[in-house]
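Each chain, letter by letter, is given below.
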Amino acid sequence: MTEAILLVGGKGTRLRPLTVHTPKPMVRAAGVPFLTHQLARARAAGVDHIVLATSYLAEVFEPHFGDGSSLGLHLEYVTEEEPLGTGGAIRNVAARLHSAPDDPVLVFNGDILTGLDIGALVRTHEETRADVSLHLTRVTDPRAYGLVPTDDTGRVLAFLEKPQTPEEIVTDQINAGAYVFRRSVIDTIPQGRPVSVERETFPELLAAGAHLQGMVDSTYWLDLGTPAAFVRGSADLVLGRAPSPAVPGRCGDRLILPTARVAADAKLTGGTVVGEGAYVAEGARVSGSTILPGAVIEPGAVITDSLIGTRARVGERSVLTGTVIGDGAIIGPDNELRDGMRIWCDAKIPAGAVRFSSDQ
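Our subject in this report is the structure included herewith.

A look at the overall build of the protein chain
Summing up its helical and strand segments, the protein chain has 7 helices and 28 strands in all. Taking 360 residues into account, the globule formula puts the C-alpha radius of gyration at 21 Å, and the protein chain, at 22 Å, falls close to it. By its C-alpha atoms, the protein chain is 70 × 50 × 35 Å across when sized along the principal axes. A total of 360 residues make up the protein chain; the buried ones form 55% of that total. Residue pairs at least 24 apart in sequence account for 51% of intrachain contacts in the protein chain once pairs closer than 6 positions are excluded. For the protein chain, the accessible surface area stands at approximately 15,200 Å², while carbon and sulfur atoms represent 49% of it. Each charge class in the protein chain was averaged separately, 33 positive and 43 negative side chains, and the resulting centres sit 5 Å apart.

A word on the nonpolar core
Within the largest apolar cluster, 29 residues are counted, with the highest numbers of intra-cluster contacts made by Ile5, Ile90, Val132, Leu134, Phe181, Phe202 and Leu212. Those elements that place two or more of their residues in this core are β1 (3–7), β4 (49–54), α3 (85–92), β6 (104–109), β8 (132–138), β9 (173–182), α5 (183–186) and α6 (197–207). The contacts of phenylalanine 202, once residues within four sequence positions are left out, are Val132, Leu134, Phe159, Asn175, Tyr179, Phe181, Val197 and Leu212. Counting 25 residues, the second-largest nonpolar core is a separate cluster that includes Met26, Ala42, Leu75 and Val180.

Notes on the environment of threonine 153
Tracing the backbone shows threonine 153 in the loop between β8 and β9. The sequence separation of threonine 153 and histidine 135 amounts to 18 residues, and the corresponding C-alpha distance is 14 Å. At a separation of 2.7 Å, a polar atom in the side chain of threonine 153 contacts the side chain of aspartate 151.

A short note on the pairing of β1
Of all 5 residues in β1, 5 are buried; the element is thus mostly enclosed. Alternating positions in β1 separate into two faces, Glu3, Ile5 and Leu7 on one and Ala4 and Leu6 on the other, with burial throughout. Direction of pairing for β1 relative to β4: parallel, over a ladder of 5 bridges. In the sheet register, glutamate 3 faces β4, and the bridge partner there is histidine 49. Summarising the sheet, β1 and β6 pair through 4 bridges and their orientation is parallel. Pairing of isoleucine 5 across the sheet is with valine 107, part of β6.

Brief notes about the pattern of salt bridges
With the rule as written, the count across this model stands at 16 salt bridges. A salt bridge links arginine 138 to aspartate 172, with the nearest nitrogen and oxygen atoms 3.6 Å apart. Of this pair, arginine 138 sits in strand β8 while aspartate 172 is found in the loop between β8 and β9, placing the two residues 34 residues apart along the sequence. Residue aspartate 172 is classed as partly exposed on the basis of its relative accessible area of 32%. When salt bridges that share partners are traced, they join Asp102, Asp131 and Arg182 into one network.

Considerations on the sheet that holds strand β19 (residues 296–297)
Ordered by their spatial adjacency, 6 strands build an open sheet running β13-β16-β19-β22-β25-β28, and the pairing between neighbours is parallel. Of all the strands in the sheet, the pair left with one neighbour each is β13 (261–262) and β28 (348–349). Taken together, the 2 bridges between strand β22 (residues 313–314) and strand β25 (residues 330–331) define a ladder with parallel strand orientation. Opposite valine 314, over in β25, you have isoleucine 331 as the bridge partner.

Quick word on the packing of aromatic side chains
Under the criterion given, the structure shown has 6 aromatic pairs. Aromatic ring contacts, followed pair by pair, group Phe159, Tyr179, Phe181 and Phe202 into a single cluster. When the ring centre of tyrosine 279 is taken as reference, the NZ or CZ atom of arginine 261 above it lies at 4.4 Å.

Overview of the sheet that holds strand β17 (residues 285–287)
With parallel pairing, 5 strands are arranged side by side in an open sheet as β14-β17-β20-β23-β26. On the outer flanks of this sheet lie β14 (267–269) and β26 (336–338), each paired with one strand and no other. If you compare each strand with its neighbour and ignore which way they point, the axes differ by 5° on average. Pairing between strand β23 (residues 319–321) and β26: 3 bridges, direction parallel. Its bridge partner being in β26, threonine 321 is matched across the sheet by arginine 338.

With respect to the pairing of β9
Within β9, 10 of the 10 residues are buried, which leaves it mostly tucked inside the rest of the structure. Pairing of β6 with β9, which is carried by 5 bridges, proceeds in the antiparallel orientation. The partner of leucine 106 across the bridge, within β9, is valine 180. Two elements, β8 and β9, share 6 bridges in a ladder whose sense is antiparallel. Its bridge partner lying in β9, leucine 134 is registered against tyrosine 179.

What counts and how
Residues numbered from 1 in each chain as written. Predicted model: local features only at pLDDT ≥ 70, side-chain atom pairs only at ≥ 80, totals over all residues. Heavy atoms only, no water. Helix = DSSP H or I, 4+ residues; strand = E, 2+ residues; numbered from the N terminus. Rg over C-alpha atoms; globule rule 2.2 N^0.38 Å. Buried < 20%, exposed > 50% of the residue type's maximum accessible area, 1.4 Å probe, protein only. Contact = heavy atoms within 4.5 Å. Areas by Shrake-Rupley, 256 points an atom, 1.4 Å probe, with all protein chains shown as cover. Lys, Arg positive; Asp, Glu negative; His and termini not counted. Charge placed at Lys NZ, Arg CZ, Asp CG, Glu CD. Core = buried A, V, L, I, M, F, W, Y, C linked by side-chain atoms within 4.5 Å. Polar contact = N/O pair within 3.5 Å; in protein donor to acceptor, adjacent residues only side chain to side chain. Pairing = 2+ DSSP bridges. Salt bridge = Lys/Arg side-chain N within 4 Å of Asp/Glu carboxyl O. Phe/Tyr/Trp six-rings, centres within 6.5 Å; stacked < 30°, edge-to-face > 60°. Lys NZ or Arg CZ within 6 Å of the ring centre and 35° of its normal. Axes fitted to C-alpha atoms, helices over the stretch in contact; angles between N-to-C directions.

Structural data, given as structure tokens:
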């Protein structure tokens, strides 16, 4: 198996303001664009040709990755004029594939961080002679996901959209966002209109008697669709909990990129990343957080499980917990921000303007 389709066209609306200027797969996780980790893992599994299905801010991908040769890959880019959904995007790039009709084609979403054994998924596909094989993972609370029950052999029995009652939860297996298609099946997807593989393609294939195979792999899996999940995923990459050959340094409590500056008495823990040109001043404490390039953390600031955007500034003694600060935003001294707060790009918060406790 030598080629794949990577779906990177989403707008990343749940991640805003991180995605105001940057498409979701290009937001930095563990010091590099998240897409770099996916490309590196695909290459390690033997993939050498990848077609990127782009749409939102499509112009930023090729200048960064070029033809893929620096990663040992051959990359091509196809841009959707109008959003086509997951199935429509797959069909839209089919002409760039080189596979024969019965060959396997890997398809994966651009916002999933996973330890999936890609080779095992392809072997399962070939050994069972499936039309489509799906990576399934088990979750404790499946209500936010589509359920995929299977029989004793792993053959998919149904696709059940987000269950609302206990009676509807017939399995803890969910669609984990990575697939292997028989090449000829891709050509059956309608062309030129939005199509969802989850809601249309897979149920229709099942109804027509096609063989859809599930492979449960419950190694590390995280949907990076929310800011909190994205920050956690980056920290897990740095800590070594999530596997990637693209982390630019040794795994550990912190990752400091070249040209970043960190004061000697600043404390960085929990998988914190400090990007190029960023500065963490004396007495600052940063845990489980991402400091993007050019950001400044002033003396005595305390930052936990947060993401600080490019060229943003956090003032002295400010305390941030579970917060996202957009690119170029300025947080004045002595503010308290927490619990999912999002500060938009280039916003300015005066000193002591936002607090969850008294100013004493």
